[in-house]
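Inside the fold
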Amino acid sequence: MSRRPLIVTDCDEVLLHMAAHFRDFVDEQHGVDFALNGHSFFNSMRRRETGEVLTEEEMWVLLNLFFDTEMHRQDPIAGAVESINTLAEKADVVVLTNLKDHRMQTRAAQLAGHGINARVYTNQGPKGPALKAILNELGAERAFFIDDIAHHHGSVAEEAGHVTRLHFVGEPLMAPYVPCAFTAGQAHARIDTWEEALPWLLERLEDN
């Protein structure tokens, strides 16, 4: 069993901006307006010429195309690189990202290029089972989970309820519209900036 705590963090909107760059990509190259405005991600894209809402299938095509060709656009959330590297002095840090498995190395290289050197796990669907598998593999007695999507916190709460869960949405474009996992009782806190999240995490890492 590892004596060091384990931090399992998401990437998009926690470590790197994604939605804002995706918005620019679909605007520039596909004539699609992307605006959340209280709608779900799936219902926020319309063709500029017709006003027609994209189907979920069309949305996935564009998302996959973004991750195939546009990951170079992504830049770090303010304070993310420094905070993760500070946390890595006290805990093991891995990234659990909902990308297809063939993008694992690309994501790892992308993060390394920004100064975050961490093992990357890919996943599709709810993250609870994947996180539980990581805990079993690495044998950490204490673990922390950071993600921007509320239902992933619910999934982790069901599969590994002892894990400390921080709901973090670092993209201002999305933060006002993301249902709060803390309010729903699925996370232990909701914090959307690393300036506030880092001391919150450090305090709990030091609390044995």
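Note that the structure is a prediction, hence the values are computed from the model and not measured. (Residues numbered from 1 in each chain as written. Predicted model: local features only at pLDDT ≥ 70, side-chain atom pairs only at ≥ 80, totals over all residues. Heavy atoms only, no water.)

What to know about the overall build of the chain
- A tally of helices and strands in the chain yields seven helices and eight strands.
- Across its three principal axes, the chain shows a C-alpha extent of roughly 60 × 35 × 30 Å.
- Burial statistics for the chain: of 208 residues in total, 50% are counted as buried.
- For the chain, the proportion of contacts with a sequence separation of at least 24, taken over those separated by at least 6, is 65%.
- Positive and negative side-chain charges of the chain, numbering 18 and 32 respectively, have mean locations separated by a distance of 4 Å. (Helix = DSSP H or I, 4+ residues; strand = E, 2+ residues; numbered from the N terminus. Buried < 20%, exposed > 50% of the residue type's maximum accessible area, 1.4 Å probe, protein only. Contact = heavy atoms within 4.5 Å. Lys, Arg positive; Asp, Glu negative; His and termini not counted. Charge placed at Lys NZ, Arg CZ, Asp CG, Glu CD.)

Looking at the packing of aromatic side chains
- Summed over the entire model, instances satisfying the criterion amount to six aromatic pairs.
- Measuring from ring centre to ring centre gives 6.4 Å for Phe22 and Phe25, while their planes differ by 50 degrees; the resulting arrangement is tilted. Placement of both Phe22 and Phe25 in helix 1 (residues 19-30) is noted, with a separation of three residues, approximately one turn of the helix.
- A relative accessible area of 0% places Phe25 in the buried class. (Phe/Tyr/Trp six-rings, centres within 6.5 Å; stacked < 30°, edge-to-face > 60°.)

Regarding the pattern of salt bridges
- With the rule as written, the count across this model stands at 15 salt bridges.
- In this structure, the salt-bridge partner of Arg48 is Asp27, at a minimum N-O distance of 2.3 Å. Within this pair, whereas Arg48 is found in the loop between strand 3 (45-47) and helix 2 (56-69), its partner Asp27 is found in helix 1, the two being separated by 21 residues in sequence.
- A relative accessible area of 40% means that Arg48 is categorised as partly exposed.
- Judged by its relative accessible area of 37%, Asp27 is partly exposed.
- Here Glu70 makes a salt bridge to Arg73, at a shortest N to O gap of 2.7 Å.
- Classification of Glu70 as buried rests on a relative accessible area of 8%. (Salt bridge = Lys/Arg side-chain N within 4 Å of Asp/Glu carboxyl O.)

Remarks on the nonpolar core
- Leu15, Leu87, Leu166 and Trp194 are the most contacted members of the largest nonpolar core, which has 30 residues in total.
- Put simply, the parts of the chain that give this core at least two residues each are helix 3 (80-87), strand 4 (92-97), strand 6 (143-147) and helix 7 (194-205).
- For this core, the leading source of residues is helix 7, giving seven residues.
- Setting aside residues no more than four positions away along its own chain, Leu15 makes contact with Thr9, Asp10, Asp75, Pro76, Ile77, Ala80, Ile84, Val95, Leu111, Ile116 and Trp194.
- Formed by 22 residues, the second largest nonpolar core is a distinct cluster that contains Met18, Phe66, Val169 and Val178. (Core = buried A, V, L, I, M, F, W, Y, C linked by side-chain atoms within 4.5 Å.)

A few points about the sheet that holds strand 6
- Here we have six strands laid out as an open sheet, ordered 5-4-1-6-7-8, and parallel in their pairing. Looking along the sheet, the strands with just one partner apiece sit at the ends: strand 5 (119-122) and strand 8 (189-190).
- Relative to strand 8, strand 7 (residues 164-167) runs parallel, the two sharing two bridges. Across the sheet, the residue bridging to His167 is Arg190, located in strand 8.
- Seen against the sheet, helix 4 (residues 104-113) touches strand 4 and strand 5 and runs at an angle of roughly 145 degrees to strand 5.
- The strands that helix 6 (residues 150-159) touches are strand 6 and strand 7; relative to strand 7, the one it contacts most, it runs at about 175 degrees. (Pairing = 2+ DSSP bridges. Axes fitted to C-alpha atoms, helices over the stretch in contact; angles between N-to-C directions.)

As for helix 2
- Taking 1.5 Å as the rise per residue, helix 2 with 14 residues should run 20 Å; its terminal C-alpha atoms sit 20 Å apart, in good agreement.
- Of the positions making up helix 2, those classed as buried are Met59, Leu62, Leu63, Asn64, Phe66 and Phe67.
- Elements in contact with the buried residues of helix 2: helix 1, strand 2 (32-34), strand 3 and helix 4. (Expected span 1.5 Å × (residues − 1).)

Comments concerning the side chain of Asp10
- Among the structural elements, Asp10 can be located in the loop between strand 1 (6-9) and helix 1.
- Polar side-chain contacts of Asp10 include one of 3.0 Å to the side chain of Lys127.
- Residues contacting Asp10, with those up to four places away along its chain left out, are Leu15, Val95, Leu96, Thr97, Lys127, Ile146, Asp147 and Asp148. (Polar contact = N/O pair within 3.5 Å; in protein donor to acceptor, adjacent residues only side chain to side chain.)

That's the geometry; what it means functionally is another story.
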